[in-house]
Amino acid sequence: SIFWANVIAIVAVIALFAICMPLFNMLHPNASFVIRDLWIFAYFAAYIVLIVVHELIHGLTWSFFTPGRFKDIAFGIMRDSFTPYCTCTMPLEKTPYILGTLAPLVILGIIPLVAAFIVGSIPLLFAGILMTDGAAGDIMIVAKILAHKTTSSDVLLYDHPTAGGSVIFER
């Protein structure tokens, strides 16, 4: 559920900061973690923009695998949880569905996180941590898909029409 995805995301962000900050500090001991008032606004604004980009990456990736391309993609906000979403209105095979689900994690989370450690960038570190955490629900969806055992080679996934996650069809 969206509720449990949010609970796990809160726990995960604490864990990510607890792991990444000391490691970053060991690699870059002279980095300054002083946050100025203006930075807080800039981080918040960047986070909002990155949430939108996260959803766009889902849509763009899935659109490569649908007949109508980007016409088969819809965006919105779940009113009860104020959670933005992207949905593919066409069923997808398992691999394309998983690729589209995990693409924002890789592009906005893991790559900036690795880059932050390499170049010593605190803004990249924060962005990587927050965007990795922002993919907690996506990771949960993929984990459920991979845990679903089937003997069928004909499997399609369809975004659930009213909740986070997907419906699996197999023949």
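Calculation criteria
Residues numbered from 1 in each chain as written. Predicted model: local features only at pLDDT ≥ 70, side-chain atom pairs only at ≥ 80, totals over all residues. Heavy atoms only, no water. Helix = DSSP H or I, 4+ residues; strand = E, 2+ residues; numbered from the N terminus. Contact = heavy atoms within 4.5 Å. Patch = residues over 30% accessible without salt bridge, like charges linked within 9 Å, V, L, I, M, F, W, Y side chains within 5 Å. Areas by Shrake-Rupley, 256 points an atom, 1.4 Å probe, with all protein chains shown as cover. Salt bridge = Lys/Arg side-chain N within 4 Å of Asp/Glu carboxyl O. Buried < 20%, exposed > 50% of the residue type's maximum accessible area, 1.4 Å probe, protein only. Pairing = 2+ DSSP bridges.

## So, the environment of Leu 156
Stage number 1. The residue Leu 156 is located in strand β4 (residues 155-159) in this model.
Stage number 2. In this structure, the C-alpha to C-alpha distance between Leu 156 and Ala 9, residues 147 residues apart in sequence, is 27 Å.
Stage number 3. In this view, Leu 156 contacts Pro 91, Leu 92, Glu 93, Val 167, Ile 168 and Phe 169; residues no more than four positions away in its chain are not counted.

## Points about a nonpolar patch on the surface
Stage number 1. Among the surface-exposed residues, Val 52, Leu 56, Leu 60, Phe 64, Phe 65, Phe 70, Phe 75 and Leu 99 lie close enough to one another that they form a single nonpolar patch of about 750 Å² accessible area.
Stage number 2. When residues of the nonpolar patch are assigned to their parent elements, the largest contribution, three residues, is made by helix α2 (residues 37-63).
Stage number 3. In this structure, Val 52 sits in helix α2.

## Thoughts on the side chain of His 58
Stage number 1. Position of His 58 relative to the elements: it lies in helix α2.
Stage number 2. Look at His 58 and you get buried, because its relative accessible area is 3%.
Stage number 3. If near-sequence neighbours (up to four positions away) are discounted, His 58 is found in contact with Cys 86, Gly 100, Thr 101, Pro 104 and Asp 138.

## Considerations on the sheet that holds strand β5 (residues 166-170)
Stage number 1. Spatially, the three strands line up as an open sheet ordered β3-β4-β5, and their pairing is antiparallel. Either end of the sheet is taken by a strand with one partner, and the two such strands are β3 (92-93) and β5.
Stage number 2. Pairing analysis gives five bridges linking β4 to β5, with the strands arranged antiparallel. Its bridge partner lying in β5, Asp 159 is registered against Ser 166.

Keep in mind that these numbers describe shape and distance, not what the molecule does.
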